[in-house]
Amino acid sequence: MFKIQISQKLIFSLVTLCMVGVMLIGSQYSFAEASSLSSSPQKTVLITGANRGLGLEFAKQFKQLGYTVIGTARSPEKAVELKATGAQVVALDVTDSESVASMAKSLKGTAIDVLVNNAGVIGNPQENFKSFDFDKALMTYNINSLGPMRVTQALYDNLLEGKEKKVIHITSILGSIENNSGGYYDYRASKAALNTMNKSLSIELESEGFTCVVLHPGWVKTDLGGERAPLEPAESIKGMLAVIQQLEDDDNGKFYDYQGNSIAW
Ligand SMILES: NC(=O)c1ccc[n+]([C@@H]2O[C@H](COP(=O)([O-])OP(=O)(O)OC[C@H]3O[C@@H](n4cnc5c(N)ncnc54)[C@H](OP(=O)(O)O)[C@@H]3O)[C@@H](O)[C@H]2O)c1
């Protein structure tokens, strides 16, 4: 009788323990499930100069990856192809402080995970030392070197709210002093300046979790790259997206091409 009572108590305790265990595992599972859902909200990318060329292709491919895409254009009413990607189109001229401020105001409170400073111009490729046009060169610097800084500064709060905190500057191998084979005075200098700005930015924002890089897209068939360029935009952007997605803390401040190869400064 005593033995039967003990074994009944033992069985009751074991059953109770099992039930508590099942409930605990169940509650942990649903917690894990819920937290994984809440920790994977949609990410947002902002791309400047997204109405044509590489910027437009960036918009298409980021969209395919599931990002919410904000694309900027100087003339939003003409950005038909960009709108067709499903991107939100925002007006922006990177040389105009008021335009930059108005863009930032319209995006107040929007978290931005990745900023792609892509807008740029080729400047005056045909000129040489004797024909150097200082006013035209100032415009090239204003767009290619200062434009990205204006935009990044204006969107700093949005980037702080983002999870990825990636600032991508589209530079050029022509901005590499080591690789300079002559010519393209203002374009080369404007991209070398952008590279230097990116380096300083990467140092200043490192402790806040930012990763800032300069990427060379290759020589690509766009209005800027021309018909003779060997690369299609789709291939260049596919490569740069792979690089962007794989960026780690150690990559902060680096200079890569669209295939992830390091480029000499
Ligand atoms: N294609 C290449 O082979 C190549 C090689 C190396 C580096 N890159 C770099 O890649 C980036 C994109 O070049 P891309 O080939 O796509 O050139 P693209 O086809 O000529 O497009 C340039 C984009 O920049 C925009 N833009 C120009 N000035 C602007 C301003 N002041 N404010 C705002 N947006 C402005 C243009 O807008 P609008 O339509 O209003 O003019 C356009 O959306 C540039 O930074 C370029 O230097 C290109």
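The preceding data block contains the structure.
Structure report, in brief. (Residues numbered from 1 in each chain as written. Predicted model: local features only at pLDDT ≥ 70, side-chain atom pairs only at ≥ 80, totals over all residues. Heavy atoms only, no water.)

### Topic: the site of the ligand
Around the ligand lies a shell of 29 residues, among which Asn51, Arg52, Arg74, Tyr187 and Thr222 are the nearest. One of the backbone nitrogen or oxygen atoms of Val94 is found 2.9 Å away from a nitrogen atom of the ligand. The site holding the ligand turns out to be the largest pocket. Looking at the shell around the ligand residue by residue, the classes come out as 12 nonpolar, 12 polar and 5 charged. (Near = heavy atom within 4 Å. Polar contact = N/O pair within 3.5 Å; in protein donor to acceptor, adjacent residues only side chain to side chain. 1 Å grid on protein atoms, 1.4 Å probe; cavity = no way out; pocket = protein on both sides within 12 Å on 5 of 7 lines; lining within 4 Å. Sits in = over half its atoms within 2 Å of the grid points. Nonpolar A, V, L, I, M, F, W, Y, C, P; charged D, E, K, R; others polar.)

### Looking at the sheet that holds strand 5 (residues 166-170)
Spatial ordering of the open sheet is given by 3-2-1-4-5-6-7, a layout of 7 strands whose pairing is parallel. Two strands bound the open sheet, and with one partner strand each, they are strand 3 (88-91) and strand 7 (255-257). When strand polarity is set aside, the average angle formed by the axes of neighbouring strands in this sheet is 25°. Relative to strand 3, strand 2 (residues 68-73) runs parallel, the two being bridged by 4 bridges. Each bridged residue has a counterpart across the sheet, and for Ile70 the counterpart in strand 3 is Gln88. Where helix 8 (residues 233-245) meets the sheet, it contacts strand 4 (114-117), strand 5, strand 6 (211-216) and strand 7, and its direction lies at approximately 150° from that of strand 5. (Pairing = 2+ DSSP bridges. Helix = DSSP H or I, 4+ residues; strand = E, 2+ residues; numbered from the N terminus. Axes fitted to C-alpha atoms, helices over the stretch in contact; angles between N-to-C directions. Contact = heavy atoms within 4.5 Å.)

### As for the packing of helix 2 (residues 53-64) against helix 8
Here helix 2 crosses helix 8 at 60°, and the two axes come no closer than 9 Å. Put simply, helix 2 runs oblique to helix 8. Remark: the crossing between helix 2 and helix 8 carries right-handed chirality. Of helix 8, the residues touching helix 2 (which contributes Leu54, Glu57, Phe58, Gln61 and Phe62) are Pro233, Ala234, Ser236, Ile237, Lys238, Met240, Leu241 and Ile244. Within the contact of helix 2 with helix 8, the residues separate by chemical class into 9 nonpolar, 2 polar and 2 charged. (Parallel < 35°, antiparallel > 145°, perpendicular 65-115°, else oblique. Left-handed = near helix turned anticlockwise from the far one by under 90°.)

### Looking at the pairing of strand 6
Of all 6 residues in strand 6, 6 are buried; the element is thus mostly enclosed. Burial along strand 6 is two-sided: Thr211, Val213 and Leu215 facing one way and Cys212, Val214 and His216 facing the other are all buried. In terms of strand pairing, strand 5 meets strand 6 through 5 bridges, oriented parallel. What sits directly across from Lys166, in strand 6, is Thr211. Crossover handedness for the path strand 5 to helix 7 (residues 185-205) to strand 6: right-handed. Sheet topology places strand 6 next to strand 7; 3 bridges connect them, and they run parallel. Bridge pairing links Val214 to Phe255 in strand 7. (Buried < 20%, exposed > 50% of the residue type's maximum accessible area, 1.4 Å probe, protein only. Right-handed = clockwise from strand over helix to strand, strands pointing away.)

### Side note on the pattern of salt bridges
For the structure shown, the criterion picks out 4 salt bridges. Residue Glu164 pairs with Lys166 through a salt bridge whose shortest N-O separation is 2.9 Å. With relative accessibility at 13%, the residue Glu164 sits in the buried group. A salt bridge links Glu232 to Lys221, with the shortest nitrogen-to-oxygen separation between them at 3.5 Å. Here the residue Glu232 occupies a position in the loop between strand 6 and helix 8, and Lys221 occupies one in the loop between strand 6 and helix 8, the gap between them amounting to 11 residues. (Salt bridge = Lys/Arg side-chain N within 4 Å of Asp/Glu carboxyl O.)

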